[in-house]
Amino acid sequence: MVVSNERSDTLRIWVNRRRFANEEQLKEIKNASDVASLVGVPADNARVDLEGDDGLREVLPSDPVHIENGMSFIVTRQYVLGGSFGSMDRHGR
């Protein structure tokens, strides 16, 4: 038997499989860019998808989000900047 000290009525969501249960923080979420900020992805670089019974549905950063218990989001970066291959040669890799 698993015993939990958490209240069963605690508001929880998942973002990239990470659980967020800070009710004060979750109540401040107004749009998808706020969801992205939970995992450190800037709004101008975020793609936010809401997981549902019918699969993933993209939510634009400016779209309003009404947080409900158990919601699950996937946040990815639209682009990633990196160094050039030349810099890899300089470091012997």
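Residues numbered from 1 in each chain as written. Predicted model: local features only at pLDDT ≥ 70, side-chain atom pairs only at ≥ 80, totals over all residues. Heavy atoms only, no water.

Time to look at the overall build of the chain. Along the backbone of the chain there are 3 helices and 5 strands. For the chain, the N- to C-terminal ordering of α and β elements is β-β-α-α-β-β-β-α. In the chain, which comprises 93 residues, the share counted as buried stands at 30%. A sequence separation of at least 24 residues applies to 55% of the contacts in the chain between residues at least 6 apart. By element, 49% of the accessible surface of the chain is carried by carbon and sulfur atoms, the whole surface being about 6,900 Å². (Helix = DSSP H or I, 4+ residues; strand = E, 2+ residues; numbered from the N terminus. Buried < 20%, exposed > 50% of the residue type's maximum accessible area, 1.4 Å probe, protein only. Contact = heavy atoms within 4.5 Å. Areas by Shrake-Rupley, 256 points an atom, 1.4 Å probe, with all protein chains shown as cover.)

In terms of nonpolar packing, the biggest core is built from 20 residues, with I13, V15, V35, V48, I67, F73 and V75 touching the most fellow members. For this core, the secondary structure elements donating two or more residues are β1 (13-15), α2 (32-38), β3 (46-52) and β5 (72-77). When residues in this core are grouped by element, the largest group, 4 residues, is from α2. If sequence neighbours within four positions are ignored, V35 has contacts with V15, I29, V48, V65, F73 and V75. (Core = buried A, V, L, I, M, F, W, Y, C linked by side-chain atoms within 4.5 Å.)

Turning our attention to the sheet that holds β1. The strands making up a sheet are joined through hydrogen bonds of the backbone, oriented either antiparallel or parallel. The sheet built from 5 strands is open, its strands ordered β2-β1-β5-β3-β4 with mixed pairing. Because the sheet does not close on itself, it has two edges, and the strands there are β2 (18-20) and β4 (55-59). On average, each strand axis in the sheet is tilted by 30 degrees relative to the strand beside it, whichever way the strands run. (Pairing = 2+ DSSP bridges. Axes fitted to C-alpha atoms, helices over the stretch in contact; angles between N-to-C directions.)

Counting through the fold element by element, A43 comes out in the loop between α2 and β3. A43 sits in the partly exposed class, given a relative accessible area of 36%. When the C-alpha atoms of A43 and A32 are compared, they prove to be 8.1 Å apart, with 11 residues separating the residues in sequence. Ignoring any residue separated from it by four or fewer positions in sequence, one finds A43 in contact with S33 and P61.

Before going further, it helps to examine unusual backbone geometry. Phi at N16 is positive, roughly 50 degrees, even though this residue is not glycine. If you trace the backbone, N16 turns up in the loop between β1 and β2. Even without being a glycine, R17 presents a positive backbone phi close to 70 degrees.

Moving on, we get to the pattern of salt bridges. When charged atoms on two side chains of opposite charge get close, those side chains can pair. Tallied over the full model, the rule gives 3 salt bridges. Of the charged contacts in the structure, one is a salt bridge between R17 and E51, with a shortest N-O distance of 2.9 Å. You can see R17 sitting in the loop between β1 and β2 and its partner E51 sitting in strand β3, a full 34 residues away along the chain. Accessibility expressed as a relative area gives 59% for R17, which makes it exposed. Look at E51 and you get partly exposed, because its relative accessible area is 29%. A salt bridge links D49 to R47; the shortest N-O distance between them is 3.0 Å. Look at D49 and you get buried, because its relative accessible area is 5%. Of the residues examined, R47 reaches a relative accessible area of 35% and is grouped as partly exposed. (Salt bridge = Lys/Arg side-chain N within 4 Å of Asp/Glu carboxyl O.)

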